[in-house]
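These are the residues of each chain, in order.
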Amino acid sequence: MATTSVPRNQVKQILSAIRIPPVYIFLVVIFILGGTLDLLFSDGQMFTNPAITMNIVVRSVALGIVAVGQTLVIIGASIDLSVAYLISVTAVMCSYIMQGDANNVPKAILAVLGIGVVVGLVNGLVITKLRVNSFIATLGMSLILSGLINATFSNYTGSVPQSFEYFGYGTIGSIPVSIIVLLIFVVAGWLLLTRTKFGAHLYGVGGNREAARLSGLRTDRILIGAHVICSLTAVITGLFMVSRLRSGAPWVGPDGIYDLESIATSVVGGTAMAGGKGGVWGTLAGVLIFGVLDTTFNQLGVNPYLKTVLRGVIIVLAVASYTFRAKKEAA
Amino acid sequence: MTTSTVTQTDSLKVIRSIWDWIRRIPPVYPVFLVIFIAVGILNHNYQTANGIMTFLRRVSPLAILAIGEMMVLATGGFDLSIGSIVTMVVIVSSLLLHNDPANALPTIGIMLGLGVLIGLTNGLVVSFLKVPSFIATLGMMLLVRGGALYWVGGAPQGYLTDNWRSFGRDYLENIPLLGRVPYALLILLVIAVVAYLIFHRSNFGKQILAIGDNVRASQLSGVNVRLVRTMVFLISSVLAVIGGVMIGGYGGVNVTIGQGLEMQTIAACVVGGTLLTGGKGSVPNVIFGAFTMEAIFNLLNLLGLPKPYKDVIQGLIIIGAVAYVSLSSRKKA
């Protein structure tokens, strides 16, 4: 009796520390609904074939990694609309520098990480020092990146060496490397938010920037830090994309609507757009919900345009499901 | 001696009051003037009434979109669905027209009806489900774009009839002094006057700004926040339909015609001095904001810059414009 209660208590403690957000219930409901529809109208593989379930997660990796960064920025009451084109820049620069040669891999990775740091720094500095609204600052950055990348490259450029494809296609045991990377990022984001001073300060800045500043926080540095981290997650997503696609093209980021979808998944996962509230576990659920929906639609053979319609409706309904009770008016 | 000092201070006063008046001119007007003159120097077409009218024909739709977006921004919200609405208007119209000019007006009527429906839905979702407008209109953007493409089967069917296109393409001929005046400009003028009266001269306009300034305070002082919010989304969508008819008239059928237009419109509003946090906006200023954006694109074209660089410049401009405003007013970003 006593021996079993100890680990159970520990499990409970861990669970309460993670604070599983209610959106996971939504995820399970969507999965069961999707699987049932699949069972009724298609071959029912969503329930029976673990490969399909695994595929849901692999497809979520690209969006998931950048969504972790986006969540941090949104918690800081900011936003980053430049991630989609940063993903493109990363993918293209990476395959351009690598040119299929494994010797160039470290050089390419260093280069794109450098680009990520610069983009994040500029975003953060423009928002904090020039006092530009984050929506406009990062939208402007997105336009600048899109212009530069489209002016320089017009198609798939270069390629990645086979060894680099390990990130996208490799497995450790039976678990894909990409899923492990995604989990590492989610756990790192969670630790950063809940176990470090930076995280606590970020919630403070997002909750009330002026109050945080008056109580002695260096609000500018915290926000700049969040933006640099967000840009770096976009770079990692870009690396993952190019290792899957084997070559980068300027449209890989915007085609995936990673800017708006990473925001949508954060909000679906319970992070408030006004800042100061939320977490990365909720975002992971949001990302998985999108993955389940995608897979369900594919299984059912839904028309691609109808898919876009349903996706729009579901984003709004998912957010509405917990905002509609709020007393405060939305903006 | 005394008289001379009196006149001196008097003239100083006059100069100072003129200077004050000049300082109060929103920066968008001198900026537009400078860029437009530069365009005129580089391209002699713009020195003629005809050239200016051609310019106005092209910018009028963007100005109309900007008026609607500005009203939403002034309440502190966003409307990201307008680009998709423009796409919908163009490609669904090409289907509904069946290449028959007689269908033009009914088709536009149907589009306006859809615009009302979309705006109403946006407004109700934001007001009653309390979904942030960024997410609500982002969802609507996907819904409208996907729905329109599904409706026409993925590719535009048929073409736009000449009479449908005349709103955005044709001119009123033989006008004294001006030569010819585009219908697009006339439509913009009518909408601008009505919007000016609504936004700057009516109670409703003051309520829009009050909500943008402080929702709670406006609510407590008796503003029907939900009604006003719903109305601005409605106005924005309907103006997007009107702008869409003109853009389609000018540009023809194209599935990507509305892509990125919401961002361009928001940029025009920002250049026109609209605050994204709400509480500030002006109809004439955003019209000139739209003019300025288009003039800048013309200038870049004339300088021979390839299209991708236009994006870079557009990005720099909107960041610069907002940085200028917020640094000079020292308001929190």
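Residues numbered from 1 in each chain as written. Chains lettered and ligands numbered in written order. Predicted model: local features only at pLDDT ≥ 70, side-chain atom pairs only at ≥ 80, totals over all residues.

1. Structural notes on the confidence of the model for chain A
Residues shown with low pLDDT carry predicted positions that ought not to be read at fine detail. Predicted confidence across chain A gives a mean pLDDT of 88, with 95% of residues reaching 70 or more. Ranking the helices and strands of chain A by mean pLDDT puts helix α6 (residues 105-128) of chain A first, with 96, and helix α1 (residues 2-18) of chain A last, with 64. (pLDDT = per-residue confidence, 0-100. Helix = DSSP H or I, 4+ residues; strand = E, 2+ residues; numbered from the N terminus.)

2. Side note on the confidence of the model for chain B
Here chain B averages 89 in pLDDT, and 96% of its residues register 70 or above. The complex prediction reports pTM at 0.85, with the ipTM value standing at 0.82.

3. What about the pairing of strand β2 (residues 179-182) of chain B?
All names here are of chain B. As defined by bridge partners, strand β1 (residues 171-175) adjoins β2 across 3 bridges and the pair is classed as antiparallel. If you follow I175 over to β2, its bridge partner there is G179. From the end of β1 to the start of β2, which pair antiparallel, there are 3 residues, and L177 there has a positive phi angle of about 70°. (Pairing = 2+ DSSP bridges.)

4. Focus: helix α3 (residues 49-74) of chain B
Most pronounced at V59(B), the bend in α3(B) amounts to some 40°, and the proline P61(B) follows within four residues. Immediately downstream of α3(B), the backbone of G76(B) shows phi near 95°, a positive value. (Bend = angle between axes of the 7 residues up to and from the residue.)

5. Focus: the interface of chain A and chain B
Interface size is commonly expressed as the accessible surface area that is lost when the partners come together. The interface is formed by 41 residues belonging to chain A together with 45 residues belonging to chain B. Elements represented by at least two residues in the side of chain A that touches chain B include exactly α6, α7 (134-152), α14 (258-268) and α16 (304-323) of chain A. Here the side of chain A that touches chain B gets 13 residues from one element, more than from any other, and that element is α7(A). Here the side of chain A that touches chain B is built from residues that sort into 29 nonpolar, 9 polar and 3 charged. (Contact = placed C-beta atoms within 7 Å. Nonpolar A, V, L, I, M, F, W, Y, C, P; charged D, E, K, R; others polar.)

6. Regarding helix α9 (residues 177-195) of chain A
Residues and elements named next belong to chain A. With 19 residues, α9 extends 26 Å from end C-alpha to end C-alpha; this agrees with the ideal 27 Å at 1.5 Å per step. All of the buried residues in α9 are S178, L182, F185, V186, G189, W190 and L193. Projected onto a plane normal to the axis of α9, the buried residues spread over an arc of 130° and lie on a single side. Turned more than 90 degrees away from the buried face of α9, the exposed residues are I184, L191 and R195. In this structure, the buried side of α9 is in contact with α4 (50-75), α8 (166-169), β2 (175-176), α10 (197-207), α12 (219-245) and α15 (280-300). (Expected span 1.5 Å × (residues − 1). Buried ≥ 20, exposed ≤ 12 C-beta atoms within 10 Å, placed from the backbone. Arc of directions from axis to C-beta.)

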